[in-house]
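Structural features, examined
For reference, the chains in residue letters:
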Amino acid sequence: MPGSLKKVIVPLSETNIPRPDVSIEMRTMEVALPEETTTSPEQTRPVEASVVRKYLLSRGNSAIADKSFKALMAICAASIFGIVVLIASELVISSQLSWHKFGLEFFYKLNVDPDTHLPTFWDPVAGTFYALPFLYGTLVSSLVALVIAVPLAVGSAIFLTEMCPKLLRGPLAFVTELLAAIPSVVYGLWAVFVLVPLLREHINPVLMSIFNSEIAVKTLGWTGLVGETGLFGGVNYGLGMLAAGVILAVMILPIISSLTREVMSAVPHSQREAALALGATRWEMIRMGVLRNARIGIVGSIILGLGRALGETMAVAMVIGNRPEISKSLLSLGHSMSAVIANEFSEASDNLYLSALIEIGLALFVVTIIVNALARFLVWMVTRGVPARVN
Amino acid sequence: MGVGIEVTNLNAWYGTNHTLQDIQLHIPANHATALIGPSGCGKSTFVRCLNRMHETNPIARVTGSVRIGDIDIYQDASPVEIRRRVGMVFQRPNPFPTMSIYDNVASGLKLNGYSNKKHLDEIVERSLRNSALWDEVKDDLKKKSGASLSGGQQQRMCIARALAVDPEVLLMDEPASALDPVSTSKIEDLIFELKSQYTIVIVTHNMQQAARVAEKTGFFLNGRMVEFDSTHKIFTNPSDKRTEDYITGRFG
Amino acid sequence: MKMATKPNLHSKYRSAVDQLATGLAVAATLLVVAPLVAIFVYLIFKGASSLNLAFFTHVPKPVGETGGGMANAIVGSAVLLGVASVLGIPIGIGGGIYLAEYGRGTKFANAVRFTADVLNGVPSIVMGIAVYSLIVIPQHHFSAFSGGVALGIMMIPTVTRTTEEMLLMVPNSVREAALGLGVPNWRSVLSITLKTASPGVITGCMLAFARVAGETAPLIFTAFGNQFWSASLNEPIAALPLQIYVYAISPYDEWHRLAWGGALVLIILIVLAVSLVRYVTSRGILKGAS
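Residues numbered from 1 in each chain as written. Chains lettered and ligands numbered in written order. Predicted model: local features only at pLDDT ≥ 70, side-chain atom pairs only at ≥ 80, totals over all residues. Heavy atoms only, no water.

Re the overall build of chain B
Short version of the rule: Here a strand is any run of E in DSSP of at least two residues, a helix any run of H or I of at least four, and the numbering for each starts at the N terminus. Two things to know: the radius of gyration comes from C-alpha atoms, and the globule rule equals 2.2 Å times the number of residues to the power 0.38. A 1.4 Å probe rolled over the protein chains alone gives each residue an accessible area, and that area as a share of the maximum for its type sets the label: buried under 20%, exposed over 50%, partly exposed in between. Note on contacts: a residue pair qualifies if any of its non-hydrogen atoms lie within 4.5 Å across the two residues. The method behind every accessible area is Shrake-Rupley, applied with a 1.4 Å probe, and residues are considered shielded solely by the protein chains displayed. Counted as positive: Lys and Arg. Counted as negative: Asp and Glu, with His and the chain ends omitted from the count. For charged residues, the charge sits on one atom: NZ in Lys, CZ in Arg, CG in Asp, CD in Glu.
The helix and strand inventory of chain B stands at ten helices and ten strands. Taking 252 residues into account, the globule formula puts the C-alpha radius of gyration at 18 Å, and chain B, at 18 Å, falls close to it. Each principal axis of the C-alpha atoms in chain B carries an extent, and together these give about 55 × 40 × 30 Å. Expressed as a percentage of its 252 residues, the buried residues of chain B come to 64%. When contacts within chain B are restricted to residue pairs at least 6 apart in sequence, long-range pairs at least 24 apart make up 67% of them. Total accessible area on chain B stands at roughly 8,600 Å², and carbon and sulfur atoms take up 47% of it. Placing the 29 positive and 29 negative side-chain charges of chain B at their respective mean positions leaves the two points 4 Å apart.

Okay, structure coming up:
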């Protein structure tokens, strides 16, 4: 077909089509005499053809079926909104009691017992419910997780998209996908029996000896982060904020890593070539050509990881220590929003208690919705120009 | 038997792009009519307007009238009903990948709820014979997937699939453009055989093909139909200068 | 043109930075892979020894007695996942069909897609609370049904999005072929497009299935758990991840052993699902259709 424009009047014999009996002249002659075309018996138009024709004509235009099917599918799609509305309304209604009793103070009040002058945030027996230690625990463990996970995830994403031999790329991506699919409770199990002893016996003592050493106290004492009252002061239980942060880091690594990879692959190749053409080394190419263009999306994937860390429940509940206190030390026992719900929900004895737990759930819902929406928006900003896998 | 097609004042748009302008045309019944013209001239859009496939694209729009036989397809019937009367063969073979050869050919009937098994067997055999594929596939009709055939066989299977619903008109949108010369020649022979029974409209990029198979030829350029006449006249003595330029290769 | 014969200090520095960055990226990748290896080694090491016939056929024994198994939890998980699939898969597939076949480019579809992605990030425990106040409170008791509903709701956004992606992979020419035959639109969507994409859609459903199979948090106050046999939808029911949780935080070695065994079973299920998904999507869902 290509090039046929120039050959139009050329006789067929020159076009290498093996049809010795046909030429334009012959066919055009036949046009004048259509009755010459013979048809073999089995190719004649069937008598019962009209049966098919009649049947098909009897079928309606199926407009009603098509419209109802489309409406049904639209309802399925709209159910996504329904779920959000359902969750929000159930949580708002069920947390009314606590909301009316404590108001906004529920989330920030540093409650102190008038008799003992000790902080008491959460005392189901006395009917005292303030959520600050849970907010604090969720935030701190998630930040610890980010500090650990972000460099590793971005580093591995750089390796996988820019440096890795093709042969390794598939298996390594598969491994990160697997990490994402391991259930929270299995991470928790592993953390309880492997990670916590490891921290208690080997890692925490090292951290403590570094942060609590005399040199550290002398030089950095003014920051308040070192010494007995610093980040690694107090009793070494193994359990606690640090353990929760580390297991959370492991859990959000694959999320950040795979999204960062997606964002980095969305950077057009021309950006890389432009940097290389200027004589950049590979790292300079990655830094200028890739990371600079992908940075919004990478931030988005980090925020998405944060969103996952904020809501992660089981693994955290198993290692954070479950003590509703606020302490600067990462080695101290703490509590988180999701963990307190998981631990106490089924034993919440009165309505106020239950309502307070549901209010924490509502806060978790609102925060994760905002964080996830922000993250998706940022990722979308980078990848929108790239067509999805559509043929 | 096939029926004629009467096109009056047909205009079509993709978004703001006016792809067909004021087409007037009479396509005779039980003949092959070829539509030629350079890429993007609107010939594909035109055939897609004849079975209302054009409007499957949400930004597309059509005005004017198309009468196939005694019905105005934009007034008197729904797209679904029109497409059952007007079969279509596409540029690239598009078998249903999950179906056997048999199911592919029978799909037009089966998916419309027709379930007389014995009759289906007959129709499948006849359609495959009509599309000159029967001898090549009769032994593994239900065993082989339609997608496992060669490109040329797939296209003939697609023709059989279109024939199985016993259409009055057969539209072919560059049916051989993705095929090798041998398969192309088989498809052309087939069109030649079929045109005594069906009204065939074939869009082609290839002028020899138009000359070989069609009695009538229309030349499209920039969304307008420049000339429509007997194939012999178009290729030997065109009345429009632009047609002459195109068929002699003095063109873009 | 012998500019590069004497590398100056600056270019040495640049190449050193380049190598350092490469080294750090490799190290980061190793550190990402390390936990997975560690978890798998422990699971196989600790879990395999506790997997025996009794594990799959017996219910847990009281504290202090050795032996026993998690048969009730395995059956319970199956019941919960059954309820979840009946709810989540049809609705999810329907939503995916809408996004891919009807809503392309519309504001409504974009909003659904965005909301589904955001909903995927909502903590599962929040779903649990919502279902608790929706079903458990009015019924005044925990039940397998409520647990299944919580898991089913969680499946919907995932199934919707994977179904959409898989349907978008079906070439338009296949849709046109069906429409060109005068097949009604609904029939063409179900019998042609969805059927063509079915390997991908099925594996997508399996992935969602595997994800909720490991969910614990929403079950704590819906399905609640049960030490005994129960397959009734109207009663509390045991579930594998829930049992793993209870056993892991218990002080008994025998229960720890069972927890590892349960975790291994769960992981095998999930690895199979993920591998299948990867196999199907990498191979392309369509043979022969281009």
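Additional details are given in the paragraphs that follow.
As for the packing of aromatic side chains
Residues and elements named next belong to chain A. Short version of the rule: Between rings of Phe, Tyr and Trp, where Trp is taken as its six-membered ring, a pair exists when centres lie within 6.5 Å; planes separated by under 30 degrees are stacked, by over 60 edge-to-face, and by other angles tilted.
Counted by the stated rule, this structure contains 27 aromatic pairs over all chains. Between Phe102 and Phe129 the ring centres are 6.3 Å apart and the planes differ by 80 degrees, which places this aromatic pair in the edge-to-face class. Remark: Phe129 occurs in strand β2 (residues 128-129) and Phe102 occurs in helix α4 (residues 96-102); sequence separation between them is 27 residues. The class of Phe102 is buried, set by a relative accessible area of 8%. Taking the relative accessible area as the measure of exposure, Phe129 reaches 0% and is therefore buried.

Section: the interface of chain A and chain C
Using the following cut-off: Note on definitions: buried area is the accessible-area loss of two parts on being combined, 1.4 Å probe, summed for both. The term salt bridge refers to a pairing of a side-chain nitrogen on Lys or Arg with a carboxyl oxygen on Asp or Glu at a separation within 4 Å. Ten residues, namely Ala, Val, Leu, Ile, Met, Phe, Trp, Tyr, Cys and Pro, are considered nonpolar, four, namely Asp, Glu, Lys and Arg, are considered charged, and the remaining ones, Gly among them, are considered polar.
Opposite the 79 residues of chain A that make contact, chain C presents 82 residues. For the pair chain A and chain C, the summed buried surface comes to about 7,300 Å²; carbon and sulfur atoms form 79% of the total. Linking chain A with chain C are one salt bridge. Between A:Glu284 and C:Arg14 there is a salt bridge, and its shortest N-O distance comes to 2.7 Å. With 19 residues, helix α3 (residues 63-94) of chain A is the single largest residue contributor to the side of chain A that touches chain C. Looking at the side of chain A that touches chain C, its residues break down into 52 nonpolar, 18 polar and nine charged.

Here we look at the confidence of the model for chain A
Residue and element names in this part refer to chain A. Note the threshold: pLDDT gives the predictor's per-residue confidence on a scale running from 0 to 100.
Per-residue confidence for chain A averages 82 on the pLDDT scale, and 85% of its residues sit at or above 70. Under a pLDDT of 50 for its full length, residues 1-48 has, in the predicted model, 71 contacts with residues more than four places off or in other chains. Note on residues 387-391: pLDDT under 50 across the span, and six contacts to partners over four residues away in sequence or across chains.

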